[in-house]
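Report on the structure
If you want the building blocks of each chain, they are given just below.
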Amino acid sequence: MNEIIVTTPDQLKQIINECLNERKTELTPASQQEQQTKYLYSIKELANFLHVSIVTAQKIKNSGSIRYIQHGRKIIFNTLQIMEDLQKKGK
């Protein structure tokens, strides 16, 4: 029992826009933040992210300016935390 619904192009655009707007409001700030979070797994990745040399990235890490997690020899940086820490330091 499928029904056929006839719409004008403008009505279809309106329906699509309403659906997209509903989806945008469903996203909470926490889920948006999760989508932007990226992890870095080495000093080299940190250096690339900050656009500095590996030596400078190591100095930044050692200075305690940014937060990181170390598990054995593996270092993990959260890019959102890095940005927060560097903004706090700049103030």
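Structure report, in brief.

With respect to the environment of Ile54
One can find Ile54 in helix α4 (residues 54–63). Put simply, Ile54 and Ile43 are eleven residues apart on the chain and 6.4 Å apart in space, counted from C-alpha to C-alpha. Apart from residues no more than four positions distant in its own chain, Ile54 is found in contact with Ile43, Lys44 and Ala47.

Quick look at the pattern of salt bridges
On inspection of all chains with the given rule, the structure shows two salt bridges. We note a salt bridge from Arg67 to Glu84, for which the minimum N-O separation is 3.0 Å. Of this pair, Arg67 sits in the loop between α4 and β2 (69–71) while Glu84 sits in helix α5 (residues 79–90); the two residues are 17 residues apart in sequence, bridging distant segments of the chain. For Arg67, a relative accessible area of 36% puts it in the partly exposed group. On the accessibility criterion, Glu84 (35% relative accessible area) is partly exposed. Put simply, Arg67 and Asp85 hold a salt bridge, and the shortest N to O gap is 3.0 Å. Pair noted here: Arg67 is in the loop between α4 and β2 and Asp85 is in helix α5, with a separation of 18 residues, a long-range link. By sharing partners, the salt bridges in this structure join Arg67, Glu84 and Asp85 into a single network.

Details of the packing of aromatic side chains
Inspection of the entire model under this criterion finds one aromatic pair. With 5.8 Å between their ring centres and 50° between their planes, Tyr68 and Phe77 make a pair best called tilted. Accessibility expressed as a relative area gives 0% for Phe77, which makes it buried.

Details of the pairing of strand β3 (residues 74–78)
Pairing between strand β1 (residues 39–40) and β3: two bridges, direction antiparallel. Directly across from Leu40, in β3, lies its bridge partner Phe77. As defined by bridge partners, β2 adjoins β3 across three bridges and the pair is classed as antiparallel. In the sheet register, Gln70 faces β3, and the bridge partner there is Ile75. Where β2 folds back onto β3 in an antiparallel hairpin, the turn is made up of two residues, including Gly72, whose phi is positive at roughly 65°.

Cut-offs used in this document
Residues numbered from 1 in each chain as written. Predicted model: local features only at pLDDT ≥ 70, side-chain atom pairs only at ≥ 80, totals over all residues. Heavy atoms only, no water. Helix = DSSP H or I, 4+ residues; strand = E, 2+ residues; numbered from the N terminus. Contact = heavy atoms within 4.5 Å. Salt bridge = Lys/Arg side-chain N within 4 Å of Asp/Glu carboxyl O. Buried < 20%, exposed > 50% of the residue type's maximum accessible area, 1.4 Å probe, protein only. Phe/Tyr/Trp six-rings, centres within 6.5 Å; stacked < 30°, edge-to-face > 60°. Pairing = 2+ DSSP bridges.

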